[in-house]
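# Close look at the chain arrangement
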Amino acid sequence: MTTVAIIGADGAGKTTVARRLPARLGVPARYVYLGANPASATHALPTTRIVHRLRTRRGTAAAGGPPPLGRSLAPSHEGSVGARAVRSGRAAARTAHQITEGAYQRTVIAWHRRRGRVVVVDRWYGADHHAHELAPGRHLALSRRVRAAFIRRAFGAPDLVLLLDAPVEVLHARKGEGTLEELAQRRSEYVDYLATVPVGWRIDASSPLDDVLAEASAAIERVVAPDSTVTRVAS
């Protein structure tokens, strides 16, 4: 039926809103999580959960999403030939696993759509990696170029994008992760992504939760309705 992507910087309330939306809609709907936390994942490969548990025990579990400010995605030519070969091999293995899991998740979304369900997706790869890996002119390592090509093909624009947005001070106060500078950059990147999709809606995430859910539900219902006239909202 319809794919709805819920996007926004950390602290915007994506998961809370996305989990509650299906029950508020007047049509069959399902929730799918595409974030990087396997503990919250609705659909993840067994290998993803195993690796996450091992990293958690070692205290090396990595956060998902785009890389921190200043971190280069370009190929590294440092170290010996052997060290570079090892890095390339590990990068290739990670990319293969990410593509396999992404293909599985895309299949799940398509399966629900074919059965006439609205799929409410928590995060969207095309949005998360739009500025860092999908923007033209990026000089990326081979493994990242391969992953970017897959994301463009499998996770292009969904039927509707809902951007949960709020001032960076509000976002930071909610989760307390990262810096205000990092949050401001992420927020700007999601706003830029919204301008590229055919149908998008920007929602004030600093409003009371019930108001956010009501506005999100109304946007989805307009898209699902046969006489929908929803267009991109940039304000």
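Read on for a plain summary of the structure. (Residues numbered from 1 in each chain as written. Predicted model: local features only at pLDDT ≥ 70, side-chain atom pairs only at ≥ 80, totals over all residues. Heavy atoms only, no water.)

The next subject is the environment of V32. Take V32: it is sitting in strand β2 (residues 29-33). In this structure, V32 is in contact with T42, H43, V108, I109, V119, V120, V121 and D122, ignoring residues within four places of it in sequence. (Helix = DSSP H or I, 4+ residues; strand = E, 2+ residues; numbered from the N terminus. Contact = heavy atoms within 4.5 Å.)

Moving on to the sheet that holds β2. The five strands lie next to each other as β2-β3-β1-β4-β5, forming an open sheet whose pairing is parallel. For this open sheet the edge positions go to β2 and β5 (200-204), each flanked by a neighbour on one side alone. This sheet shows a mean twist of 20° between the axes of neighbouring strands, independent of strand direction. When strand β1 (residues 2-7) meets strand β3 (residues 118-122), the two strands line up parallel, connected through five bridges. The residue bridging I6 from the neighbouring strand is D122, located in β3. Where helix α1 (residues 14-24) meets the sheet, it contacts β1, β2, β3 and β4 (160-165), and its direction lies at approximately 155° from that of β2. Sheet strands in contact with helix α8 (residues 180-194) are β1, β4 and β5, and its direction is about 155° off that of β4. (Pairing = 2+ DSSP bridges. Axes fitted to C-alpha atoms, helices over the stretch in contact; angles between N-to-C directions.)

Here the focus is the environment of S188. Relative to the elements of secondary structure, S188 occurs in helix α8. Counting along the chain gives 57 residues from S188 to A131, while the straight-line C-alpha distance between them is 9.8 Å.

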